Each structure stands twice: as C-alpha cells, then as structure tokens.
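# Secondary and tertiary structure notes
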Amino acid sequence: MLVIRRDLVDAMVAHARRDHPDEACGVIAGPYGSDSPERFIEMENAERSPTFYRFDAAEQLKVWREMDANDEVPVVIYHSHTATEAYPSRTDISFAGEPEAHYVLVSTRDPIEHELRSYRIVDGVVTEEPVKIVES
Amino acid sequence: MAVTVSIPTILRTHTGGEKSVSAAGTTLAEVIDDLENNHGGLKARLVKEGTLHRFVNVYVNDEDVRFSGGLAAEVKDGDNVTILPAVAGG
C-alpha cells in the first residue's frame, strides 16, 4: 500500500495537468527505509512527448546524488498518461528499474476527473496496490 | 588503472549487495569486461549488441557517456563511474 499526503497527490496531479498533453514525470523522495514519500521533485520530461517520457540524464544524476547525500530514496516515481488509463504500458514495465519504488500513474485523459493509481513493478511483474491518502 | 563504479539497487544482486565496487580499464568497455569477470551477469544488464543498453545511464565523473563515446569513453585512474537505471516509459 502507498500511504501519501494529500498535498503530494495534489502536486502530482497539478504537474500532470500543467504539462498535458505531454507526459509529466517526477520523483517523491523519502528517508531510506521509511517507505514514506516526503520531498516532491518535478523532473523534466526530456522527450516532451504525449506518448513517452524520460528523465533528463544529467538532472537525474543531480537528483539521485542529492538523495544519496540526504539518505533518501525515490519512494514514488510518477508519470502521467494523457490519452490512456493510469496503468503501466509495456514500455513502462520494460524500463522499471527501481524495485523498491511505488510507480504512480496519473491519467489526465478526462479534462475534469483525473485517475491516480499505484503499482510495484519488479522483474516485469506489475502489482497494483491501494493508495491511502492522508490529510496533510 | 582502477576506477570506482557505483552500482544501482537493481544490479546489486550481482555485487553481493555492494553499492560501489572497484574495476580496471582504460575505456568504459574494458571496465565493464572487468566488472563481468568479478561480478558475473552485470555485462548483460549494461550492454546489448555492442552498445550500452537503453535501460541504463552511465556517467564518467558526472558526464553522460552517451555524449562522450559510449563504450569507447576513456577512463583514467581514480575516475568515478556511476550507473543509474534510466527512468523512462510510455
């Protein structure tokens, strides 16, 4: 289960809406071992595409170094789907390289109602998990 | 010619859990071959059909090697090689 503060959910949805129709992506870091997302980090989608996303490699190195220095890990890795449901695509599954992260998908295909779901992706196997939103 | 290689979580099964290992070589390709000798299975996770796998980012001293020769990128004694999983999808 992913337990996450409402302001962090709102921040992911706002980022996804702002970049629509391109996909938005980012990370929420949290203390190592806590499984608790705390520090919201918007990442640039180097692809600037409605069907693909990729963290900019230089920005990713900088952010991963910061997390290392703070004893943080990427608790949540999020991105948006702008025309399809919030379910990992085949490409999402083949790239998923952080077995301990919660992969959060936000769909902005409906202009009013967003869809937000969370998954573990380990060795190509997708497992959906409940999302518990706590008031911040 | 020894370099330090940072290993991401997903590949630490090949290094007995070590976050960072030492390897030798004058190019990234040689470093990866040396890694493979000591940590079998790593090369297949990094290299596909003679080029770096699109699922990983490799940096030599913070420089993305895609812009500095890929597997032919030169490394010097004391350099730091960092491997990160590429974060991407559709």
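Structure first, text after, so check above.
This report concerns the structure included in the present document. (Residues numbered from 1 in each chain as written. Chains lettered and ligands numbered in written order. Predicted model: local features only at pLDDT ≥ 70, side-chain atom pairs only at ≥ 80, totals over all residues. Heavy atoms only, no water.)

### What to know about the overall build of chain A
Our working rule: Every helix listed is a DSSP run of H or I at least four residues long, and every strand listed is a run of E at least two residues long, numbered separately from the N terminus. The globule rule used for comparison is 2.2 Å times the number of residues to the exponent 0.38, while the radius of gyration itself is calculated over C-alpha atoms.
The helix and strand tally for chain A stands at three helices and nine strands. The order of α-helices and β-strands along chain A, N terminus first, is β-α-β-β-β-α-β-α-β-β-β-β. What you see for chain A is a C-alpha radius of gyration of 14 Å, in line with the 14 Å of a compact globule of 136 residues. With the C-alpha coordinates of chain A rotated into their principal frame, the extents come out at 35 × 35 × 30 Å.

### So, the overall build of chain B
Rules: Under the scheme applied here, a residue whose accessible area is under 20% of the maximum for its type counts as buried, over 50% as exposed, and between as partly exposed, the area being computed with a 1.4 Å probe on protein chains only. Residue exposure ignores everything except the shown protein chains as possible cover, and the areas themselves are Shrake-Rupley values with a 1.4 Å probe. Counting rule for charge: Lys and Arg are taken as positive, Asp and Glu as negative, and neither His nor the chain ends is counted. Note on charges: their place is set at NZ of Lys, CZ of Arg, CG of Asp or CD of Glu.
From N to C terminus, chain B includes two helices and eight strands. A compact globule built from 90 residues would reach a C-alpha radius of gyration of about 12 Å, and chain B, at 12 Å, matches this within 12%. By residue count, 47% of the 90 residues in chain B fall in the buried class. Summed over all atoms, the accessible surface of chain B reaches about 4200 Å², with 49% contributed by carbon and sulfur. Taken together, the 8 basic and 12 acidic charged side chains of chain B have centroids lying 10 Å from each other.

### What about the interface of chain A and chain B?
Stated formally: Only heavy atoms matter for contacts: two residues are in contact if any of them lie within 4.5 Å across the pair. Accessible-area loss on putting two parts together, using a 1.4 Å probe and summing over both, is the definition of buried area adopted here. Salt bridges are defined by distance alone: a side-chain nitrogen of Lys or Arg within 4 Å of a carboxyl oxygen of Asp or Glu.
If you look at the interface, chain A gives 25 residues, while chain B gives 17 residues. Ranking the residues of chain A by area buried against chain B places Gln60, Leu61 and Phe95 of chain A at the top, with a combined share of 32%. One can count one salt bridge joining chain A with chain B. The residue Arg65 of chain A makes a salt bridge to Asp62 of chain B at a minimum N-O spacing of 2.5 Å.

### Structural notes on the layout of surface pockets
Put simply, the rule reads: A 1.4 Å probe that fits but cannot get out identifies a cavity on a 1 Å grid over protein atoms alone, an open set with protein on both sides within 12 Å along at least five of seven lines counts as a pocket, and a residue lines either if it has an atom within 4 Å of a point. Grid points are joined across faces, edges and corners, and a volume is the space filled by probe spheres set on the points.
Taken as a whole, the largest pocket holds about 680 Å³ of empty space. In this structure, the largest pocket is lined by 26 residues; those nearest its centre are Asp68, Glu72 and Val73 of chain A together with Thr9 and Arg12 of chain B. Broken down by secondary-structure element, the contributors of at least two residues to the lining of the largest pocket are helix H2 (57-69) and strand S5 (72-81) of chain A together with strand S7 (80-85) of chain B. Looking at the lining of the largest pocket element by element, the count peaks at five residues for H2 of chain A.

### Focus on the side chain of Arg117 of chain A
Residue and element names in this part refer to chain A. We apply this condition: Any pair of N or O atoms that falls within 3.5 Å is considered a polar contact. Within protein, one atom must be able to donate a hydrogen and the other to accept it, and sequence-neighbouring residues count only if both atoms are side-chain atoms.
Take Arg117: it is sitting in strand S7 (residues 115-122). Of note is the side chain of Arg117, whose polar atom sits 3.3 Å from the side chain of Glu85. Leaving out residues up to four positions away in the same chain, Arg117 has contacts with Glu85, Ala86, Tyr87, Tyr103, Val104, Leu105, Glu128 and Val131.

### Description of unusual backbone geometry
Along the chain, His20 of chain A connects to Pro21 of chain A via a cis peptide bond; the corresponding omega equals 10 degrees. The residue Pro21 of chain A is located in the loop between helix H1 (6-19) and strand S2 (25-31) in this model. Phi is positive for Glu49 of chain B, close to 50 degrees, though the residue is something other than glycine. Checked against the element boundaries, Glu49 of chain B lands in the loop between strand S3 (47-48) and strand S4 (51-52). The phi dihedral of Asn61 of chain B falls on the positive side, at around 50 degrees, and the residue is not glycine. On the secondary structure map, Asn61 of chain B appears in the loop between strand S5 (56-60) and strand S6 (63-64).

### Examining the sheet that holds S6 of chain B
Strand-to-strand pairing in sheets goes through backbone hydrogen bonds, with the strands running parallel or antiparallel. Residue and element names in this part refer to chain B. Quick note on the threshold: By this definition, two strands are paired if DSSP reports at least two bridges between them. Structural elements are reduced to axes, namely lines fitted to C-alpha atoms, with helices fitted over the stretch in contact, and the angle between N-to-C directions of any two is expressed from 0 to 180 degrees.
Taken together, five strands build an open sheet; the order of strands is S2-S1-S7-S5-S6 and the sheet is mixed. Pairing within the sheet leaves two strands with one partner each, and these edge strands are strand S2 (20-24) and S6. Pairing analysis gives three bridges linking strand S1 (residues 2-6) to S7, with the strands arranged parallel. What sits directly across from Val5, in S7, is Val81. Each of S1, S2, S5 and S7 touches helix H1 (residues 28-38); the most contacted strand, S2, lies at about 115 degrees to it.

### Focus: the packing of aromatic side chains
For clarity, the cut-off: Stacked, edge-to-face and tilted are the three classes for Phe, Tyr and Trp ring pairs, Trp counted by its six-membered ring, which pair at centre distances within 6.5 Å; planes under 30 degrees apart are stacked, over 60 edge-to-face, the rest tilted.
Within the structure shown, the criterion is met by six aromatic pairs over all chains. With centroids separated by 6.2 Å and ring planes inclined at 65 degrees, the aromatic side chains of Phe55 of chain A and Trp64 of chain A adopt a geometry described as edge-to-face. In this pair, the class of Phe55 of chain A matches that of Trp64 of chain A, namely buried. An aromatic cluster is built from Phe52 and Phe95 of chain A together with Phe55 of chain B, whose rings are joined through pairwise contacts.

That is the geometry; function is a separate question.
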